[in-house]
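# Observations on chain architecture
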Amino acid sequence: MVRYDVAIVGGGPAGSATAITLARLGWRVLLADSTAPGRFRVGEGFPPSARSLLNDLGVLDGFLAAGHRRSYGNVSVWGSDEPHMDDFIFHTHGQGFQLDRAVFDSQLRAAARQLGVSVHESTRLSQTPDEDGFRLSLARDGQEQPAHCRWLIDAGGRPAVFARQQGAQRLSDDRWWRSTCCYTVRKVPTKMAGPWSRPSRTAGGTAYCCRRENDW
Ligand SMILES: Cc1cc2nc3c(=O)[nH]c(=O)nc-3n(C[C@H](O)[C@H](O)[C@H](O)COP(=O)(O)OP(=O)(O)OC[C@H]3O[C@@H](n4cnc5c(N)ncnc54)[C@H](O)[C@@H]3O)c2cc1C
């Protein structure tokens, strides 16, 4: 059975960044994510200040070369009815980006792999505590593979399944719910043109919109 110092549940940004950091410290790291490589996830705003985090992780050059769409600011409505404009020209780190999340996640996992992290995609991780850590089961395509780790990190996102199994409780939650949609529109309204994410009011709250194509 393969033994690791640490196993990380979830290969999103949190899991991959943690894997990269621990691998650099010489830890033997397993990273498992249940989704298939390249699975579509909705695009997200990446603020200019986050560049320094990628620089610390050693992945900034690859990130800048990956062709994420540039973003020059956000307009947001939060806590009041007045839109707030955050123009990135006033930031010291330059432009932000509209992330292609599939590309971003793949890039971080590739960087982890290069540092010797054992990355398992399309793999669901489950665990049973034992006297010196956790017995792991890596399930993929109906096959189960055992492994062992001393430490376990839950980076599985919002459901936090592992943390809850260990007794963690959600202390507060946002009363807002959210959903995402992707539309194909032939003619873009003028007010949506340009590389900004923008809010628009709906009957139930506020929708944030940005264009997907890199065509301006
Ligand atoms: C609609 C929407 C819009 C957003 N917009 C923005 C934005 O504009 N800017 C911004 O900064 N943030 C945005 N966010 C928030 C951002 O998506 C999250 O903060 C971020 O993805 C959290 O990263 P994470 O690595 O913690 O978790 P996730 O990205 O959720 O990754 C967790 C991973 O763990 C995997 N996993 C879970 N359980 C297991 C298991 N048992 N075994 C194996 N794998 C498992 C999941 O499949 C998933 O891939 C948005 C979120 C949503 C939903």
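Located above this text is the structure these notes cover.
Notes on the structure in this doc start here. (Residues numbered from 1 in each chain as written. Predicted model: local features only at pLDDT ≥ 70, side-chain atom pairs only at ≥ 80, totals over all residues.)

### With respect to the sheet that holds strand S11 (residues 143-154)
- Within the open sheet, the six strands sit side by side as S8-S2-S1-S11-S10-S9. Their pairing is mixed. Pairing within the sheet leaves two strands with one partner each, and these edge strands are strand S8 (118-120) and strand S9 (124-130). Ignoring strand direction, the axes of neighbouring strands in this sheet form an average angle of 40°.
- Sheet topology note: the S9/strand S10 (residues 133-140) ladder contains seven bridges and is antiparallel. Across the sheet, the residue bridging to Ser-126 is Ser-137, located in S10.
- Lying on the sheet, helix H1 (residues 13-24) is in contact with strand S1 (2-9), strand S2 (29-32) and S11; it crosses S2 at an angle near 170°. (Pairing = 2+ DSSP bridges. Helix = DSSP H or I, 4+ residues; strand = E, 2+ residues; numbered from the N terminus. Axes fitted to C-alpha atoms, helices over the stretch in contact; angles between N-to-C directions. Contact = placed C-beta atoms within 7 Å.)

### Digging into the sheet that holds strand S7 (residues 96-99)
- The strand order across the open sheet formed by three strands is S3-S7-S4, and the pairing between neighbours is antiparallel. Unpaired on one side and paired on the other, strand S3 (44-46) and strand S4 (69-71) mark the two borders of the sheet. When the angles between neighbouring strand axes are averaged without regard to direction, this sheet yields 35°.
- Relative to S7, S4 is paired through three bridges, and the arrangement is antiparallel. Bridge pairing in S7 places Arg-70 opposite Phe-97.

### With respect to the environment of Glu-144
- Examined against the element boundaries, Glu-144 turns out to sit in strand S11.
- Once you skip the residues sitting within four places of it in the chain, Glu-144 turns out to touch Ser-137, Leu-138 and Ala-139.

### Regarding the packing of H1 against helix H4 (residues 101-114)
- At a minimum axis distance of 9 Å, the contact between H1 and H4 shows a crossing angle of 20°. When the axes of H1 and H4 are compared, the pair comes out roughly parallel. Seen from above, H1 lies across H4 with left-handed handedness. Across from Pro-13, Ser-16, Ala-17, Ala-19, Ile-20 and Ala-23 in H1, the residues of H4 making contact are Leu-108, Arg-109, Ala-111 and Ala-112.
- Classifying every residue of the contact of H1 with H4 gives eight nonpolar, one polar and one charged. (Parallel < 35°, antiparallel > 145°, perpendicular 65-115°, else oblique. Left-handed = near helix turned anticlockwise from the far one by under 90°. Nonpolar A, V, L, I, M, F, W, Y, C, P; charged D, E, K, R; others polar.)

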